[in-house]
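Residue-level listing of the chains:
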2 protein chains.
Amino acid sequence: MTTSLETTSAAAPGAASLAAPQPSAAAPAGTAPGPDVTEAVLDVARRAKVASRALATATRATKDAALLALADALVAASAEIVAANAEDLERGRANGTSPGLLDRLALTDERIGGIANALRELAALPDPVGEVVRGSTLPNGLRLRQVRVPMGVVGMIYEARPNVTVDAAGLALKSGNAVILRGGSAAARSNEVVVDVLGRALAGVGLPADLVQSIDAHGRPGAVALMHARGLVDVLVPRGGADLIRTVVRESTVPVIETGVGNCHVYVDASADPATALAILLNSKTQRVGVCNAAETLLVHADAAPGFLPSALVALAQAGVVVHGDHATGALAPAGVDVVAATDEDWATEYLSLDLAVRVVPDLDAALEHIRTWTSGHTEAIVTRDLAASERFVAELDSAAIMVNASTRFTDGGQFGLGAEIGISTQKLHARGPMGLGELTTTKWVVHGDGHVRA
Amino acid sequence: MTTSLETTSAAAPGAASLAAPQPSAAAPAGTAPGPDVTEAVLDVARRAKVASRALATATRATKDAALLALADALVAASAEIVAANAEDLERGRANGTSPGLLDRLALTDERIGGIANALRELAALPDPVGEVVRGSTLPNGLRLRQVRVPMGVVGMIYEARPNVTVDAAGLALKSGNAVILRGGSAAARSNEVVVDVLGRALAGVGLPADLVQSIDAHGRPGAVALMHARGLVDVLVPRGGADLIRTVVRESTVPVIETGVGNCHVYVDASADPATALAILLNSKTQRVGVCNAAETLLVHADAAPGFLPSALVALAQAGVVVHGDHATGALAPAGVDVVAATDEDWATEYLSLDLAVRVVPDLDAALEHIRTWTSGHTEAIVTRDLAASERFVAELDSAAIMVNASTRFTDGGQFGLGAEIGISTQKLHARGPMGLGELTTTKWVVHGDGHVRA
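This one's a predicted model, so the numbers in the text were calculated from it and none came from an experiment.

> Could you give an account of the overall build of chain A, naming the residues involved and the relevant values?
Helix and strand content of chain A: 17 helices and 16 strands. For chain A, whose C-alpha radius of gyration is 25 Å, the value lies close to the compact-globule estimate of 23 Å for 455 residues. With respect to the three principal axes, the spread of C-alpha positions in chain A is 75 × 70 × 45 Å. Within chain A, the proportion of its 455 residues that are buried is 57%. Once local pairs closer than 6 in sequence are excluded, the contacts in chain A between residues at least 24 apart make up 73%. For chain A, the accessible area works out to roughly 16200 Å², and carbon and sulfur atoms hold 55% of it. Where the 36 positive side-chain charges of chain A centre and where its 49 negative ones centre are 7 Å apart.

> Residue-level account of the domain arrangement of chain A, with values.
When cut into domains, chain A gives domain 1 (35-259 + 436-443) and domain 2 (264-413). When each unit is reduced to the centre of its C-alpha atoms, the spacing between domain 1 of chain A and domain 2 of chain A is 36 Å.

> An account of unusual backbone geometry is needed here, citing residue identities and associated values.
Unusually for a residue other than glycine, Leu352(A) sits at a positive phi of about 55 degrees. When you line up the elements, Leu352(A) lands in the loop between helix 15 (344-348) and strand 11 (355-361). In this model, His430(B) sits at a positive phi of 75 degrees, which is unusual for a non-glycine residue. Looking at the element boundaries, His430(B) is found in the loop between strand 14 (423-425) and strand 15 (433-435).

> Kindly report on the relation of the copies chain B and chain A, identifying the contributing residues and their values.
For the pair chain B and chain A, the best superposition has an RMSD of 0.0 Å and corresponds to a rotation of 180 degrees with a translation of 0.0 Å parallel to the axis. A rotation of that kind, with that shift, is consistent with a two-fold axis. Residue His430(B) of chain B places its C-alpha closer to the rotation axis than any other residue of that unit, at 1.8 Å. The residues that chain B uses at the interface reappear at the interface of chain A in 99% of cases, marking a shared surface.

> So, the sheet that holds strand 6 (residues 235-239) of chain B: which residues are in play, and what are the values?
Residue and element names in this part refer to chain B. Pairing is parallel across the open sheet formed by four strands, whose spatial order is 5-4-3-6. If you trace the sheet from one side to the other, it starts and ends with strand 5 (212-214) and strand 6, each paired once. With direction set aside, neighbouring strand axes in the sheet form an average angle of 20 degrees. Note that strand 3 (residues 153-158) and strand 4 (residues 178-182) share five bridges and pair parallel. If you follow Gly155 over to strand 4, its bridge partner there is Ile180. Sitting on the sheet, helix 9 (residues 188-204) touches strand 3, strand 4 and strand 5, and the angle it makes with strand 5 is about 155 degrees.

> Which residues make up the UniProt feature "domain: Aldehyde dehydrogenase" (unreviewed entry) in chain A, and what values do they have?
Those places that UniProt annotates as "domain: Aldehyde dehydrogenase" (unreviewed entry) correspond, in this numbering, to residues 39-319 of chain A. Structurally, residues 39-319 of chain A is divided into 54% helix and 16% strand, and its ends, taken at the C-alpha atoms, are 53 Å apart.

> So what's going on with the side chain of Asn191(B)? Residues and values would help.
Residues and elements named next belong to chain B. Here Asn191 lies in helix 9. On the accessibility criterion, Asn191 (1% relative accessible area) is buried. For Asn191, the side chain forms a polar contact with the side chain of Asp216, separated by 3.4 Å. With residues near it in sequence (within four places) discarded, Asn191 still touches Tyr158, Pro162, Thr165, Gly183, Gly184 and Asp216.

> I'd like to hear about the packing of aromatic side chains, residue by residue, with values.
Residue and element names in this part refer to chain A. Considering all chains together, one arrives at four aromatic pairs over all chains under this definition. Summarising the aromatic geometry, the rings of Tyr267 and Phe393 are spaced 6.1 Å apart at their centres and angled 15 degrees between planes, so their arrangement reads as stacked. Pair noted here: Tyr267 is in strand 7 (residues 264-268) and Phe393 is in helix 17 (residues 387-396), with a separation of 126 residues, a long-range link. An identical accessibility class is assigned to Tyr267 and Phe393; each is buried.

> Tell me about the interface of chain B and chain A, and name the residues and values.
On the side of chain A, 87 residues touch chain B, which itself brings 88 residues to the contact. When chain B packs against chain A, close to 7300 Å² is buried across both sides, 56% of that on carbon and sulfur atoms. Considering only the side of chain B, the residues that lose the most area to chain A are Leu429(B), Trp445(B) and Arg454(B), jointly responsible for 12% of the buried surface there. Counting every contact that joins chain B to chain A gives nine salt bridges. Notably, a salt bridge pairs Glu258(A) with Arg230(B), separated by 2.2 Å at the nearest N-O pair. Linking chain B to chain A there are 39 residue pairs in polar contact (both at pLDDT 80 or more). Here the side of chain B that touches chain A takes 11 residues from strand 16 (residues 441-452) of chain B, the largest share from any one element. Classifying every residue of the side of chain B that touches chain A gives 40 nonpolar, 27 polar and 21 charged. Summarising the sheet, strand 13 (residues 401-406) of chain A and strand 16 of chain B pair through five bridges and their orientation is parallel.

> Can you lay out the pairing of strand 8 (residues 295-301) of chain B for me, pointing to particular residues and giving the numbers?
All names here are of chain B. In terms of residue burial, strand 8 counts as a mostly covered element, since seven of its seven residues are buried. Between the parallel pair strand 7 (residues 264-268) and strand 8, the chain is carried across by helix 12 (residues 274-286), and the sense of this crossover is right-handed. As defined by bridge partners, strand 8 adjoins strand 11 (residues 355-361) across five bridges and the pair is classed as parallel. Pairing of His301 across the sheet is with Val361, part of strand 11.

> How would you summarise the sheet that holds strand 4 (residues 178-182) of chain A if you had to cite specific residues and measurements?
All names here are of chain A. Pairing is parallel across the open sheet formed by four strands, whose spatial order is 5-4-3-6. Edge positions in the sheet fall to strand 5 (212-214) and strand 6 (235-239), since each has one partner strand and no second. Taken over all neighbouring pairs, the strand axes of this sheet differ in orientation by 20 degrees on average, direction set aside. Contacts between helix 3 (residues 35-56) and the sheet are confined to strand 3 (153-158), strand 4 and strand 5, with strand 4 contributing the most and set at about 150 degrees to the helix.

> Give a description of the environment of Ala65(B) that names residues and reports values.
Turning to its location among the elements, Ala65(B) is positioned in helix 4 (residues 60-76). Taking the C-alpha atoms as reference points, Ala65(B) and Ala123(B), separated by 58 residues in sequence, lie 7.7 Å from one another.

> So what's going on with the packing of helix 5 (residues 78-94) of chain B against helix 9 of chain B? Residues and values would help.
A pair of packed helices can be characterised by two numbers: the angle between their axes and the separation between those axes. Residue and element names in this part refer to chain B. At their nearest, the axes of helix 5 and helix 9 sit 7 Å apart, and the two run at 160 degrees to each other. By the angle between their axes, helix 5 is roughly antiparallel relative to helix 9. Across the interface between the two elements, Glu80, Ile81, Ala84, Asn85, Glu87, Asp88 and Arg91 of helix 5 pack against Ala188, Arg189, Ser190, Val193, Val194, Val197 and Arg200 of helix 9. Its residues placed into classes, the contact of helix 5 with helix 9 shows six nonpolar, two polar and six charged.

> Give a description of the pattern of salt bridges that names residues and reports values.
Where charged atoms of side chains with opposite charge meet at close range, the side chains can pair. Within this structure, the stated rule accounts for 57 salt bridges over all chains. Two residues, Arg392(B) and Glu396(B), come together in a salt bridge whose shortest N-O distance is 2.8 Å. Of this pair, Arg392(B) and Glu396(B) both sit in helix 17 (residues 387-396), four residues apart, which is roughly one turn of the helix. For Arg392(B), a relative accessible area of 29% corresponds to the partly exposed category. The network of salt bridges with common partners includes Arg53(A), Asp365(B), Glu369(B), Arg372(B), Arg392(B) and Glu396(B).

Rules used in this analysis
Residues numbered from 1 in each chain as written. Chains lettered and ligands numbered in written order. Predicted model: local features only at pLDDT ≥ 70, side-chain atom pairs only at ≥ 80, totals over all residues. Heavy atoms only, no water. Helix = DSSP H or I, 4+ residues; strand = E, 2+ residues; numbered from the N terminus. Rg over C-alpha atoms; globule rule 2.2 N^0.38 Å. Buried < 20%, exposed > 50% of the residue type's maximum accessible area, 1.4 Å probe, protein only. Contact = heavy atoms within 4.5 Å. Areas by Shrake-Rupley, 256 points an atom, 1.4 Å probe, with all protein chains shown as cover. Lys, Arg positive; Asp, Glu negative; His and termini not counted. Charge placed at Lys NZ, Arg CZ, Asp CG, Glu CD. Domains from an automatic or database assignment. Least-squares fit on C-alpha atoms with pLDDT ≥ 70 in both. Pairing = 2+ DSSP bridges. Axes fitted to C-alpha atoms, helices over the stretch in contact; angles between N-to-C directions. UniProt positions renumbered as here; feature names shortened; annotations may be inferred. Polar contact = N/O pair within 3.5 Å; in protein donor to acceptor, adjacent residues only side chain to side chain. Phe/Tyr/Trp six-rings, centres within 6.5 Å; stacked < 30°, edge-to-face > 60°. Buried area = accessible area lost by both parts, 1.4 Å probe. Salt bridge = Lys/Arg side-chain N within 4 Å of Asp/Glu carboxyl O. Nonpolar A, V, L, I, M, F, W, Y, C, P; charged D, E, K, R; others polar. Right-handed = clockwise from strand over helix to strand, strands pointing away. Parallel < 35°, antiparallel > 145°, perpendicular 65-115°, else oblique.

Here you go:
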């Protein structure tokens with residue numbers, strides 16, 4: 001079999017004409033890929049496409065065996081990986097990287113063991129590929145099935161967390177896809193070694209090493225070339241901060257699944273039980289701070305505010321939370337509890353820190369209107385004992401997840417029982433909310449006839 | 001309730017910062033929208049967003065009553081619509097528009113009756129909104145449901161077929177969405193009157209007229225502004241030729257569902273019954289020519305070619321089909337049957353005419369390789385009696401629909417029993433193959449707890 005994608009793509013209609021590099025004013029200055037980088041990245045993508053075919057028809061047993069082999073290979077190469085990681089850490093320290101970022105970048109034997117175990121857990125999950133989504137026999141006798149199949153080639157663009165390199169490779173492999181990785185430059189050496197280890201392990205179980213490739217060597221221009229590799233890359237998943245996601249959405253001609261910006265709200269209704277409301281609020285805000293499903297704004301019904309806010313503000317202060325409140329909130333703060341005056345910017349901000357915007361609203365309508373105006377569409381929670389209020393909150397808000405009397409922190413693939421999580425989609429197309437393995441697949445219609453023709 | 005989307009969007013995080021017009025080198029020359037056009041289109045989109053809320057929680061009974069009212073209003077306004085259409089036809093004739101295009105543009109009382117009946121049929125279809133896609137009670141007692149909800153605001157960009165104006169409005173309404181329409185300028189007057197009639201009919205049943213709006217008045221710059229209305233428009237569906245679709249895909253920052261380019265293949269395997277193969281071939285190629293599910297290339301296994309091709313070429317010639325064949329095809333043509341020498345361009349072309357590319361291939365592998373190289377990923381058919389060949393064809397090709405012993409013409413929402421068809425998606429994200437009403441919806445996770453917090 002010839003690798004025709006390599007030799008004929010300049011003339012072919014799909015991959016070809018569309019994958020040609022396209023000039024764009026939206027590319028960040030200095031990141032437009034030159035022809036060499038474009039060709040190198042397209043070559044990676046073509047090899048990924050060819051490799052993906054071997055995996056598309058692989059059995060679950062083959063894929064699970066590969067995942068276990070990858071896990072073993074990572075553990076066996078721990079020393080090599082930790083040494084490469086030390087170079088990244090050294091460079092990071094020299095560049096003045098913050099201790100928090102250095103911690104996220106750091107790999108130890110123990111962390112590598114944890115990453116390897118995540119691959120083993122992935123092997124234990126059901127295979128989404130081959131699921132018959134729907135099917136029927138049509139009146140004319142045609143047998144129709146819609147079957148789940150891999151996307152083909154998945155691109156992942158992420159920041160300086162080398163664990164994502166393995167995680168993304170494992171998720172792609174289990175769902176039958178080849179993956180092209182673009183990690184942050186701060187983790188360049190770690191990623192290089194990890195990808196090399198994974199590639200050798202794949203080859204060891206008879207699968208193409210091209211199933212997991214990195215384009216880190218091509219820097220930011222390489223990332224932009226990947227965003228333009230339409231027809232060769234089937235979907236791009238950016239994982240990281242709002243700026244990264246915005247850039248990918250704007251620049252990419254490859255379809256993108258947006259993940260993870262969360263300006264989540266907790267609304268305490270007039271009828272809320274104060275103790276329940278406080279427990280949900282504290283959990284939503286403080287159980288883990290730097291994550292997209294943490295609460296960033298508290299809205300309190302005016303009737304509930306006098307009975308709820310004073311003690312809630314004390315509890316928040318004790319938990320180390322800085323409150324950015326409107327005038328009514330400030331007026332209810334007990335002596336000794338500080339409230340920073342909130343501006344519109346606070347309503348818009350995903351703090352990802354121990355900060356919380358707080359507003360007293362006259363009624364449910366005002367709460368819904370505030371959320372509609374400022375939300376990023378991730379998760380909103382209502383605390384209430386009023387059935388009608390809960391039903392309006394569920395029906396009238398347009399976010400990926402709506403919680404009734406539960407913490408915003410539950411919007412999570414693991415918590416939802418979906419198994420491994422690709423990310424949390426805040427877009428409406430294809431996937432919304434926590435994404436499991438199934439979201440890295442598409443479907444194919446398979447139709448069997450006996451010489452059927454259309455009348 | 002204040003219309004905060006209008007007053008605060010300049011500061012809000014979602015709609016706001018992303019919906020700002022973005023310069024783009026990819027915009028076709030002379031079509032970049034100025035600030036006035038951008039603001040006018042964003043205003044249309046904001047009003048659509050507000051209107052969409054009224055529909056998102058409307059019952060099926062309300063929506064179906066509205067569809068019937070729209071149908072009645074169109075019939076009642078037939079004379080007005082036909083008069084406006086006559087202006088478009090007059091201008092078209094003056095501009096030298098081809099008779100075929102004029103025919104697609106023309107509206108008569110009878111055609112308007114047919115369009116109105118399509119709305120009535122839509123009313124009879126099940127409502128996709130509210131369907132519980134999956135649900136469970138988690139081990140901690142949380143009740144989880146994933147529920148189908150409308151997208152919100154759907155944009156449709158299409159060419160000079162005024163029936164699509166009504167069709168798109170009806171599909172959007174039934175699936176709970178507001179729609180923004182951008183039709184071809186050749187149908188401008190017809191569309192203007194039709195949209196006005198629909199708006200008045202909506203108001204007459206107590207729904208916002210803003211649910212169906214047109215931006216035709218803003219020309220091509222308006223269409224480009226629509227493609228940039230990210231955060232206000234939830235999905236864009238281009239319906240038309242390859243150029244239109246390519247432009248929308250390249251230019252749009254709003255998520256796009258690609259429809260309809262079909263370079264479909266029929267492969268006659270070594271074991272095929274010649275009569276079955278001929279029936280499927282003729283049906284795929286000639287039953288209707290200008291449609292995306294018509295066959296454009298025939299591949300014939302070398303072992304089948306001598307027994308199949310000579311009579312097939314005669315039958316194709318009798319059906320008025322011009323064959324563009326490779327050397328082996330030409331060598332098998334009986335005297336008096338012409339075969340034009342095929343080039344790579346023929347393998348790539350979606351003729352949409354009585355032309356067919358024909359190639360003899362040495363084996364199934366070569367057929368698969370040819371299809372992989374040249375297909376647009378729409379529909380491929382195999383004619384075979386060999387089970388293993390059929391299974392490889394199904395498993396190894398990556399197109400939206402695979403037919404075994406059936407005509408490519410069956411890839412169609414109506415034929416698949418999906419009811420009304422939005423289009424046929426050739427992308428992998430969100431929708432693939434024929435799209436019914438469900439594909440104009442997204443989902444929302446609804447979680448009920450009793451004060452649940454995360455440990």
